[in-house]
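Close look at the chain arrangement
These are the residues of each chain, in order.
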Amino acid sequence: MTDKPAVIQVQHVSKSFGGVQALKDVNFEIFPGEVHALLGENGAGKSTLIKIITGVQQPDRGQLFLDGQPTHFTSPREAQTQGIAAIYQEPSLFPDLDIAENILVGRQPAGRWGVNWKQMYQEAGALLKLLGLSLDPRTKARELSVAQQQLVEIARALSINAKVLIMDEPTSSLTQGEVDELFTIVRQLRATGTAIVFISHRLEELFSLADRVTILRDGSFIDTRPMADVTTEELIRMMVGRSLDQLFPKQTVPVGKVVLEVEHLGVEGSFSDLSFELRQGEIVGMAGLIGAGRTNLARALFGTEPATTGTIKLDGKVVTIKNPQTALALGIGYVPEDRKEHGLVLAMSIAENVTLPVLAKFATLGWLNVKGERQTASEASRQLEVKMTGVAQKAGQLSGGNQQKVVLAKWLGTKPRVLILDEPTRGIDVGTKAAVHHLMSSLAAEGMAILMISSELPEVLGMSDRILVMRGGRLTGHFSRAEATPEKLMAAATTA
Amino acid sequence: MITQEPEAKVARRPQGGLGQTLVKFREVGIIAFIVVLATLVTLRNPNFLSLDNFQDIVLNISILVIVALAQTMVIITRGIDLSVGSMIGLTAMMVSYFVVAFPGLPPLLALPLGMALGAVLGSINGLIIAVGGVPPIIATLGTLSIYRGLIFFYSQGKWINAFEMPSGFPELSKGTPLGIPNLILFALLVIIAVYYFLRFSRRGRDIYAVGSNPDAARFAGIRIQQTVFRVYMISGLLCGLAGVLWASRFEAAQTNTALGFELQTVAASVVGGVNIFGGSGSVLGVILGAFLLGIINNSLTLVQISPFWQLAAQGLLILLAVIVDSTILRRLQRFSSRKDR
């Protein structure tokens, strides 16, 4: 394999986003006729690396080589013309165009009067045949299954003579049969000399398909190894192996009575048969990969995506939570994963955001006591040490960490008994992170029951009394603080 | 548009400085435009600055202000109400029939009647949009035609003219018991009510929350459907009021009353800085927007622009106002953020 030059070589590449180092001095190379797996936890830097190779983003430092020549992609289009194609988890076809139009979009064969349709359908048909697909190129993309759409994207990659094909979690929404079909095609492509970068969290898949594997962790390059030489245990260790000393561990408090009981809960299409309980003063960590159904569970408990099966009990009584109003009234708070989308109204002031869920408290006959509102918001913001010019400042002007503090202030104002935190420290700086952890710990000490969803293993391990793991919409692990290790959690999150 | 700026850039903006004060005062651009336009028109025709002319302008925009404020509340929730003109026309017609049929009743009674009627029409819009899930532009485009059609159905194409109306009815808008015409007083009342509603009421806050981030509003336990329904009902109610005032002021109810008025209300809102994509807009801005439209209409006559050109000139000036406004705003923002570094 090493006698030919690498198609793509990435040397000492670094990239940071507003103070967060996404990639640190990463090396990566891929040869023709190789399936190269890229492995790492959520946030390890895989996506950023892919974006640099496909020209979506430019590295801060380091060099990219194409066929041994230094190169520099300023746009995805430029990378594409050099033969680099990417297929993402969610296919990005034009639903109302047919297969042929999707494959040859932007490069339709020209005829005398515009597009030469006959030639277009012939070309598309030939490509489909090459992939062993019996699809009519005149079928609209919206009528295809996800798997078929991915195959159409592969056909598109073939049509630009892709030398490098990047597949970002292509199997996450496919059935086993579809996965097998996809792998057959991937192996065919490999045989013809295409270089394939394959990202997947399903380790067993990688063993059956990949030739080599590169592991990233926290933006750093860990190792590149032949797939045949590594074991599952080694891979997991390389993915998670990091020290836990930077963490703010939870203080131990006596755990009280059960507050929330969830029995056989399910939401069609997201998760099913989930049972667990939450006690006063307890922080339960919820680990798993993105897409495992954890956020859907949180939404079911908060009523934004009500559960379709199973029961929720609060203080032993069965409750039905159909909307957030009910959840709030029952004392359930939810700090959503996406601050900007769900947590804050960025155009509103800090004070207005903090009091939004509890506005009724500041209203007499519907008229607001604006002064009282400001006062409460000031106190809450001061307590959480929000860095601001005043509570009249717009939430959109704050930094990410301070926005998260405002979101926390907002939900704490509802005085919840059960608080669900969804990725509470994602994308915020270390200092704020420690402050959030400290706050969680003292809330638990006051008797609040906390469910913390987090994709960061150190956070889960450091902050939780108990840890639940979800995979593919099911509970696949349940560990006490003492028995949990990064390896066990990762194994429960990635392997069946 | 703060949302689209990179975080780091806006994160630490100190308070103070003229630039900052002006940026916060969103209406600065439109005021500048009004001043320039007024100066130019006065140079051509000094009558522009007379008290009579001023009162004329204010009288002419009173109804517009009332309906533009209704339109603004709808636009803040990311909607639009195209049926306002038809709702005004229909209530004007029905209320006029009522006062003609019962000349003995006090004319003041026409107000609650018109508002109730308008609220019903608005509620129908609200139901179609909030419960039926029909996009506002489609729903109100439909009711625009339906309500206008009902005017014909109800009146059989006949108009109600001044001589048929009881003498007390026109006084409803023209009387001056407090020294200025009632019409202006009604507009002031609505301005104050809407200002307090949007600024200091829970439901008013909900309107902004739903318009600027529906998801976050839902997560905060705000009932989106109710909020949306409510703005269309209020819009109908204010159109009902406007309909009564319209019939009273012009002493007539015609099949084409307030035809095309929706465009003026949208123009007043947008010129006044209301974000057409929802989430923001202020009462002061809308008043200034309506005022600017009034000045434009008034001055085009004063500087003797040919009637054939008036409509085009009006549109041109509106576009100019919006461009000047956004340019000034952007300059000021850049100016103040540059000072940070």
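1. Some thoughts on the overall build of chain B
Each helix and strand counted, chain B has 15 helices and zero strands in total. For 341 residues, the compact-globule formula gives about 20 Å, and the C-alpha radius of gyration of chain B, at 21 Å, lands near that figure. Here the C-alpha coordinates of chain B stretch approximately 70 × 55 × 40 Å along the principal axes. Within chain B, the fraction of its 341 residues that count as buried is 45%. Restricting to contacts in chain B with at least 6 residues of sequence separation, those with at least 24 account for 80%.

2. Some words on the nonpolar core
Residues and elements named next belong to chain B. Counting residues in hydrophobic clusters, the biggest one holds 239 residues, and the most contacted among them are Val 67, Leu 69 and Leu 238. Ranked by residues supplied to this core, first place goes to helix H12 (residues 224-250) with 15 residues. The contacts of Val 67, once residues within four sequence positions are left out, are Val 84, Ile 88, Leu 238, Cys 239, Ala 242, Phe 261 and Thr 265.

3. Some words on the sheet that holds strand S22 (residues 449-453) of chain A
Residues and elements named next belong to chain A. Reading across the sheet, the six strands line up as S18-S21-S22-S15-S23-S24 and stay open at both edges, with mixed pairing between neighbours. A single partner strand is all that each edge strand has here, and the edge strands are strand S18 (332-335) and strand S24 (474-480). The mean inter-strand angle of the sheet, taken between neighbouring strand axes irrespective of direction, is 20 degrees. Across five bridges, the pairing between strand S15 (residues 283-288) and strand S23 (residues 466-471) is parallel. Looking across to S23, one finds that Val 284 is bridged to Arg 466.

4. Regarding the sheet that holds strand S14 (residues 271-279) of chain A
Residues and elements named next belong to chain A. Taking strand neighbours across the sheet as the criterion, the four strands line up as S14-S13-S16-S17 in an open arrangement whose pairing is antiparallel. For this open sheet the edge positions go to S14 and strand S17 (317-319), each flanked by a neighbour on one side alone. Between one strand and the next, the sheet's axes are offset by a mean angle of 25 degrees, whatever the strand orientation. Two strands pair when backbone bridges link them, and strand S16 (residues 309-314) and S17 are joined in this way by three bridges, in the antiparallel orientation. The residue of S17 that forms the bridge with Leu 314 is Lys 317.

5. Some remarks on the pairing of strand S6 (residues 84-87) of chain A
Residues and elements named next belong to chain A. Burial along S6 is two-sided: Ile 84 and Ala 86 and Ala 85 and Ile 87, pointing in opposite directions, are all buried. Across four bridges, S6 lies against strand S9 (residues 164-168) in parallel orientation. Among the inter-strand pairings, Ile 84 is bridged to a residue of S9, identified as Val 164.

6. Examining the environment of Phe98(B)
Residues and elements named next belong to chain B. Topologically, Phe 98 is positioned in helix H5 (residues 84-101). Given 16 C-beta atoms within 10 Å, Phe 98 falls into the partly exposed group. With 123 residues separating them in the primary sequence, Phe 98 and Gly 221 have C-alpha atoms 43 Å apart. The residues contacting Phe 98, other than those within four sequence positions of it, are Ala 110 and Leu 113.

Procedures and definitions
- Residues numbered from 1 in each chain as written.
- Chains lettered and ligands numbered in written order.
- Predicted model: local features only at pLDDT ≥ 70, side-chain atom pairs only at ≥ 80, totals over all residues.
- Helix = DSSP H or I, 4+ residues; strand = E, 2+ residues; numbered from the N terminus.
- Rg over C-alpha atoms; globule rule 2.2 N^0.38 Å.
- Buried ≥ 20, exposed ≤ 12 C-beta atoms within 10 Å, placed from the backbone.
- Contact = placed C-beta atoms within 7 Å.
- Core = buried A, V, L, I, M, F, W, Y, C linked by C-beta atoms within 7 Å.
- Pairing = 2+ DSSP bridges.
- Axes fitted to C-alpha atoms, helices over the stretch in contact; angles between N-to-C directions.

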